[in-house]
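A look at the structure
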Amino acid sequence: MASASEIKSRISGIADTKKITDAMYMIASAKMRRALRDLEETTPYFETLAEKIGDLFAYIPETENRYFHVPDHNDTPHKKHGILLITSDKGLAGSYNHAAIEMCEQYMSRHPLTTLFIIGEYGRQYFINKKVDFVEDFRFSATRPNLYDTGRICARLLQYYDDAKVDDINIIYTDYMGAKPGECKKITLLPLERTRFHQGEREAEHIEKEFLPSPEAVLDGVIPSYVMGFIHGSLVESYCSEQQARMNAMKNASDNAEEMLKTLRLQYNKIRQAAITNEMTEITAGAKAQNQKRRRPKAGEYHE
């Protein structure tokens, strides 16, 4: 059985660990609120852009735009795929990274000709250890997504797509679900489908508009902005999911630490109580022995 000093040392260590997990919980909470605020500020622009693309289709019954060719759902073996995997820069986030990486590995096992783009140092180190090839010079941080970095990410992906290095680009990210664990999703980023921009009854409205130099050229110009907006939203959703997962992990760690502290304090108090009881027993026994010694007659003394 551990001694009182050993238990006291463990209590001190666990209490210090709990302070760290509590602090990490608060930091993750602040980061998530800030990211959600940034998303709310940028979402209206990209949603309006998607609506305008839907309006534009009223003037383009058919399009041969390179961003809209019909994807091959047969997934032929010779097709070149591209996949953008969003992970975090750090661990301690529960199953957040593992779920996204597992989905990516399953996809790559079915599609050998896949070019892998990774955002986040956690994912990069994982595939380096697994000796899986990915685009080495595609290096972007997952911390605090911003439109400048998103624009660079989008430009790199579009370059691969325009140069026919990949036939499609998919994105694996974690959708933010509030206090619940985020849901890992895989969505085809390019080529796009017209149904994504379906406007319902608005398509029946037809107002004469003139597009310069042409509707196709306008569509060709706005699609990169739309793709950039989708990537930015995915990055922020993943970042918020990461912080929520970290908050859940730190809360669980703090709760476990509190339970351990209760158990250890109870053990410590029992040992202290036993020690105090032993000391009192020894004192009482010593006092009793002294009293008996004083009452015992000395040699040669006579008592009538």
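The preceding data block contains the structure.
Rules of the game
Residues numbered from 1 in each chain as written. Predicted model: local features only at pLDDT ≥ 70, side-chain atom pairs only at ≥ 80, totals over all residues. Heavy atoms only, no water. Salt bridge = Lys/Arg side-chain N within 4 Å of Asp/Glu carboxyl O. Helix = DSSP H or I, 4+ residues; strand = E, 2+ residues; numbered from the N terminus. Buried < 20%, exposed > 50% of the residue type's maximum accessible area, 1.4 Å probe, protein only. Core = buried A, V, L, I, M, F, W, Y, C linked by side-chain atoms within 4.5 Å. Contact = heavy atoms within 4.5 Å.

Scanning the model with the defined rule gives 11 salt bridges in all. Linking Arg156 and Asp137 is a salt bridge whose minimum nitrogen-to-oxygen distance equals 3.3 Å. Pair noted here: Arg156 is in helix α4 (residues 147-162) and Asp137 is in the loop between α3 (121-129) and α4, with a separation of 19 residues, a long-range link. Put simply, Arg152 and Asp149 hold a salt bridge, and the shortest N to O gap is 3.3 Å. Highlighted residues: Arg152 and Asp149, both in helix α4, separated by three residues, approximately one helical turn. When its relative accessible area of 40% is taken as the criterion, Arg152 is described as partly exposed. Look at the salt bridges and you will find they share partners, linking Glu121, Arg124, Glu136 and Arg139 into a network.

Leu84, Ile119, Phe138, Ile153, Leu157 and Ile231 are the most contacted members of the largest nonpolar core, which totals 40 residues. Elements supplying a minimum of two residues to this core: α1 (4-56), β1 (81-86), β2 (114-119), α4, β3 (168-175), β4 (183-190) and α5 (215-295). The element that contributes the greatest number of residues to this core is α5, accounting for eight residues. Residues contacting Leu157, with those up to four places away along its chain left out, are Leu84, Phe117, Phe138, Ile169, Leu189 and Ile231. Of all hydrophobic cores here, the second largest spans 13 residues; its members include Leu85, Ala100, Phe127 and Ile172.

Bear in mind that shape data such as this cannot, by itself, settle questions of function.
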